[in-house]
Structure formats: C-alpha cells, structure tokens
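Architecture at a glance
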Amino acid sequence: MKKISAIIAIMLTAVLLCTAFVGCTNKDKDADKTYVSMDINPSVNLVIDGEGKVESVEAANEDAQVMLYGEVLVGKTAEEAFELIANLAIECGYLTEENSGVNVTVVAGNGSAEAEANIGETVKAAFNAEAGKADLNVNINTGASFSLQRQFEYIKGKYPNVNAIQNMSIGKFKLVTELVANDDGVTFEYAATLDNEDLIEKLNNCYEKIEPYATEAYNLAVAQANEAFEIAKTTAEGAAWTAYYVAHILKHPVNYGAIYAAYDIAAVSVDYTLDVIELTMEYADKALSNVDTQKIADILGVEKSEVDAAVTDENGNITLESLEAYIDRTLKNMSVEAYNQIKAELPELETYINGFQAEVDEYINSLPEEYATQIRKILSDIKDLGSDVFEFVDSLGDLTIDDVRTVVTYLEGKRDETMQKIEEDLTAEELEEAKTYVQASNDIISSAQTIYNTAVESAKKDAEEFLAQAKEARFQWKYQHGNGAADAE
C-alpha cells in the first residue's frame, strides 16, 4: 500500500508539474488565443496561441499579400512576427517618413486587459526597434481607427434593439466584422452572439485555410472554375438518371430521373447566382455621388487637392473604401497637437461618411432582387419543377441574400426527396443498373475535373508571379528612394 501511495503521489506531482509548465500538454497552446490586427497600410491580422506563437495569419489586403509573399510567420513568436512585419513594411517602402502611423487592435480571447496591453507593448517595441534601425520615427496607435469607430457606431444605429450588438465592445465588433467577411455562412447577428474566444477560434480556422496567393483575381478565377465544374458534373449525372428512365419508360412511366436532374441543376444554378451576388458584394466598389472633398479637407485641415488626389481613381470615381483609407491614413500620421485641433470635428465627419455608407448599403441590398429575374428564369427554363417551387420563391417577396440561400436549400431538399422516390421506385437490381449509367458519365466528369484543375493551377501561377514581381518592385523602389513616400494605397 505504501508503494502504491508513493506511486500515486509521484503521478499527481507529475500531473501538477505538467499543468504548471508549457509543453506538457496542448492546453495552454489551445486556450487564451489573442487576435492582433495591424494596419500600416498594408493590413495584417494574426492569431497568437496561448504559448505566444503565431497560429495563423491573414494578409487582409493586396498590399499585405505582396509584403508577406514568400514569408513564414506561423510558428514564430509574436515578437519575431511583429519584428518581421515591421522590417518588411520598411523594406517594401510602406512604412515611411510620410506614412509612419500604425493602427493596432488587440483582443484577448479570455478578455484579459493585461494580456492585450502586453501584446500592444510588444508591437510597439518591435516597430520602434526596426524603425530605429532605419532612422524612422513611428506612431503606434492602439485605439480604434476612424473607420472602425465610425462603422461601430453605424452598426449600433442599425440594430437599436439587439442587445448583443448594443453591448459589444469595439474589439468584439472588429472580430465580428472580420468573421462575417471571411465566412460566407455567418451573419452579423449570429456572430454578435458569440464570445471573443469563439470568434477568435472561428477566425483562426478561416485564416488557416487562406492561401498566401489568394488575390482577388485568383479567388474570382477559382470561383468561376468551380462553378463550371459543378454545373458540368451535375448536368452529366442528371442526364444519366434521365437516360435510365427513358430506356425503361414502359416499366417506369414517371421519369423521376428527369425530375431529379431538374432540381439538381436548378440548385447548382441558383447557388452559382448566389456566389455571383456575394462576389459582387465583396468586391463592389460603389462609386459615390456628390462627395464634397472640400468639406473633408476643411475638417482634416488639409488642401482639397490632396484629398482629391488620394480618393479619386483613374475614372474619376470615389468609393467609401478610398475615403476611409485616406482619412485613416491622414489621422494616424498626424501629430498629437494637430489631431487635438481637429478632434472635436470628427463626429461631424463620421456623420457625413455615414451618409455614403447608407448609399452603399442600399446598393448592396438591391443586388439579390436585381438577380431575382435571373433566378426565376432559371426555374422557368426547367419545366419539371412544378408550381410549388415558383409559389415558394414568389412568397419570399423582394429577395435578400438569406432568401436566395433559402431557395438553394429548398431546391436541394426537393432534389433529395426525388432521389428517395427513385430509390423507392426502383428495385435493388434496377438501382444498381441505373448507377452504371451514372458511372458511364464519369468520363465527362473527369474531363471537367481536368479543366478545373488546369484553371486553378493557372490562376495560382498567375497570382504567384504577380505577387513575386510586385514585391520585387517594392524592394527596388525602396532601394532607389530610401525612406520617402511610396504609393501605399
């Protein structure tokens, strides 16, 4: 008994030691994750694990993709990652004398203000150290940027009766907006009900799936290739089920194969339309109307010509994104004295920009209904669906994004119901025979898969070449111009 007691005591001691030191279990690594967002511009988001190491990274815009291309941050300590980001920002000419401000947002999953402050100080130390080597002075702002604060108040105004939104912190708001942007299946209302730990974990999962070469052009090319493959696959399989019933029309006069094919093709086609809507929303740069750049210049204390040059594209258009990017960049690069002089006027600027946000929201909300005609045409072209589908779509009224998802789910449900009818209609032997028809369509599907793989590989190659060349161009610019101002839009 004494020996057993001694063994138990040793085991308990080992367990206690393992919980006290990092590395005995994955508990510390998996718990207490921290989200860190840095906007120079470029914009980089990180998830730091409980051991203080980078678990995932998102290059949040194209400048960040260029800057981080070919670099490895995952597995580095937070300090090493911050130093590398700071060094790259300087070497690529993004962090300069004219663009020396960095907005930093830190959100600890466990809500620890001390942990957030410590990470914030680590960021400051890393950037100051790297900037010092280049004889640069940097200004690290750990408060909310103008655009984040404005969007936060705007969203609260849109949901006055939703407690989860009204009671969230601005740090949580940042997490929620990031998750909604990265996960198509998550709504803002749902994300707002999650706690910070869950939000960070879900964001971490999203970030881990992002390819470093996933530029806007790459994502669009992959989406197009994927839809082409799905439509080819669905068409081939549907035709096979239809053909079996045609070949056995006397024994099976109701062609459930054709009905199944109709629902399946309709579901894929409407889902494709949904993808188009969502991609349009994601990449839409709505040209704003009647922007008073003089008003913006007066509030910020700058020349109108400076605002015009910064926010207007080559076609003479101004977007909400370009406006907020300029305002954020201007404010983060201001001295404390200059900022304090205009601080009282910033609420007026927020209100003014909110008007353009409403204009953009109206445009985005109109997209599903704009595509409604196309959706109804898809359904009307498929005669086998029956009136119940049209009645269902018509009952939704003016379509929203969620409505379009509901249509896809409805069609998939009807497709699955029809497959059940096929399984009930055919004997076991007939079902096996029908499946040989489907297997015979594999050549078509295989060909479509080859085309898909080629398209994706080509898009990857183009994206990697673009990022490599763009990064080299940044290095060359820095070599030629030193720490002057670079085009970091």
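First things first, this report covers the structure right here in the doc. (Residues numbered from 1 in each chain as written. Predicted model: local features only at pLDDT ≥ 70, side-chain atom pairs only at ≥ 80, totals over all residues. Heavy atoms only, no water.)

Of the regular secondary structure elements, the protein holds 22 helices and five strands. Across the 489 residues of the protein, 43% fall into the buried class. In the protein, 68% of the contacts between residues at least 6 apart in sequence involve partners at least 24 apart. Summed over all atoms, the accessible surface of the protein reaches about 24800 Å², with 51% contributed by carbon and sulfur. (Helix = DSSP H or I, 4+ residues; strand = E, 2+ residues; numbered from the N terminus. Buried < 20%, exposed > 50% of the residue type's maximum accessible area, 1.4 Å probe, protein only. Contact = heavy atoms within 4.5 Å. Areas by Shrake-Rupley, 256 points an atom, 1.4 Å probe, with all protein chains shown as cover.)

Interaxial distance between helix α6 (residues 146-158) and helix α8 (residues 170-182) falls to 10 Å at its minimum, and their mutual angle equals 85 degrees. Of the possible angle classes, the one that applies to α6 and α8 is roughly perpendicular. Touching Leu148, Gln149, Gln151, Phe152 and Ile155 of α6 are Ile170, Phe173 and Lys174, all from α8. When its residues are assigned to classes, the contact of α6 with α8 shows five nonpolar, two polar and one charged. (Axes fitted to C-alpha atoms, helices over the stretch in contact; angles between N-to-C directions. Parallel < 35°, antiparallel > 145°, perpendicular 65-115°, else oblique. Nonpolar A, V, L, I, M, F, W, Y, C, P; charged D, E, K, R; others polar.)

In contact at an axis separation of 8 Å, α6 and helix α15 (residues 320-332) are set at 125 degrees when each is read in the N-to-C sense. Between α6 and α15, the crossing angle belongs to the class labelled oblique. Between α6 and α15, the contacting residues are Phe146, Ser147, Arg150 and Gln151 on the first element and Leu320, Glu324, Ile327, Asp328 and Leu331 on the second. Classifying every residue of the contact of α6 with α15 gives four nonpolar, two polar and three charged.

Bringing the nonpolar core into the picture now. The nonpolar side chains of a soluble globular protein tend to be buried, and buried together. Counting residues in each nonpolar core, the largest one holds 47 residues, and the members touching the most others are Leu46, Ile85 and Phe127. Aside from chain neighbours lying at most four places away, what touches Phe127 is Met38, Ile40, Phe82, Ile85, Ala86, Leu95, Val102, Val138 and Ile140. Among the nonpolar cores identified, the runner-up in size contains 25 residues, and Val311, Ile342, Leu346 and Leu349 belong to it. (Core = buried A, V, L, I, M, F, W, Y, C linked by side-chain atoms within 4.5 Å.)

This brings us to the sheet that holds strand β5 (residues 139-141). Backbone hydrogen bonds hold the strands of a sheet together, and the pairing may be parallel or antiparallel. Read across the sheet, five strands follow the order β3-β2-β1-β4-β5 without closing on themselves; strand pairing throughout is mixed. On the outer flanks of this sheet lie β3 (54-59) and β5, each paired with one strand and no other. In this sheet, adjacent strand axes meet at a mean angle of 20 degrees when their direction is disregarded. Pairing of strand β4 (residues 101-108) with β5, which is carried by three bridges, proceeds in the parallel orientation. (Pairing = 2+ DSSP bridges.)

A separate point is the pattern of salt bridges. For the structure shown, the criterion picks out 15 salt bridges. Residues Glu71 and Lys471 are paired through a salt bridge, measuring 2.6 Å at the closest nitrogen-oxygen approach. One end of the pair, Glu71, is in the loop between α3 (62-68) and α4 (78-91); the other, Lys471, is in helix α22 (residues 442-481), with 400 residues separating them in the sequence. For Arg150, the salt bridge goes to Glu324, with nearest N and O atoms at 2.4 Å. With a gap of 174 residues between them, Arg150 in helix α6 and Glu324 in helix α15 connect regions that are remote in the sequence. Here Arg150 and Glu324 have matching classes, each one buried. Within this structure, Lys33, Glu55 and Glu201 form a network of salt bridges that share partners. (Salt bridge = Lys/Arg side-chain N within 4 Å of Asp/Glu carboxyl O.)

Here we come to the pairing of β4. On a regular strand, each side chain points to the face opposite its neighbour's, so the side chains alternate between the two faces of the sheet. Among the eight residues in β4, eight count as buried, and that is most of the element. Covered by surrounding structure in β4 are Gly101, Asn103, Thr105 and Val107 together with Val102, Val104, Val106 and Ala108, the residues of both alternating faces. Where strand β1 (residues 34-39) lies against β4, six bridges are found, and the strand directions are antiparallel. Within the sheet, the bridge partner assigned to Thr34 lies in β4 and is Ala108. What joins β4 to β5 is helix α5 (residues 113-133), and the crossover it makes is right-handed. (Right-handed = clockwise from strand over helix to strand, strands pointing away.)

The next subject is a negative patch on the surface. Side chains of Asp32, Asp195, Glu197 and Asp198 sit close together on the surface and give a patch of like negative charge. Relative to the helices and strands, Asp195 resides in the loop between α9 (188-192) and α10 (196-209). (Patch = residues over 30% accessible without salt bridge, like charges linked within 9 Å, V, L, I, M, F, W, Y side chains within 5 Å. Lys, Arg positive; Asp, Glu negative; His and termini not counted. Charge placed at Lys NZ, Arg CZ, Asp CG, Glu CD.)

Taken as a whole, this structure holds 10 aromatic pairs when the rule is applied. Ring centres 5.3 Å apart and planes at 50 degrees place the aromatic pair Phe152 and Phe173 in the tilted group. One end of the pair, Phe152, is in helix α6; the other, Phe173, is in helix α8, and 21 residues separate them in sequence. Taken as a pair, Phe152 and Phe173 share a single burial class, namely buried. By the ring-pair criterion, three or more aromatic residues cluster together here, those being Phe152, Tyr159, Phe173 and Phe188. Taking NZ or CZ as reference, Arg150 lies 5.8 Å from the ring centre of Tyr154, over its face. When the ring centre of Tyr352 is taken as origin, the NZ or CZ atom of Lys295, which lies over that ring, is 5.4 Å away. (Phe/Tyr/Trp six-rings, centres within 6.5 Å; stacked < 30°, edge-to-face > 60°. Lys NZ or Arg CZ within 6 Å of the ring centre and 35° of its normal.)

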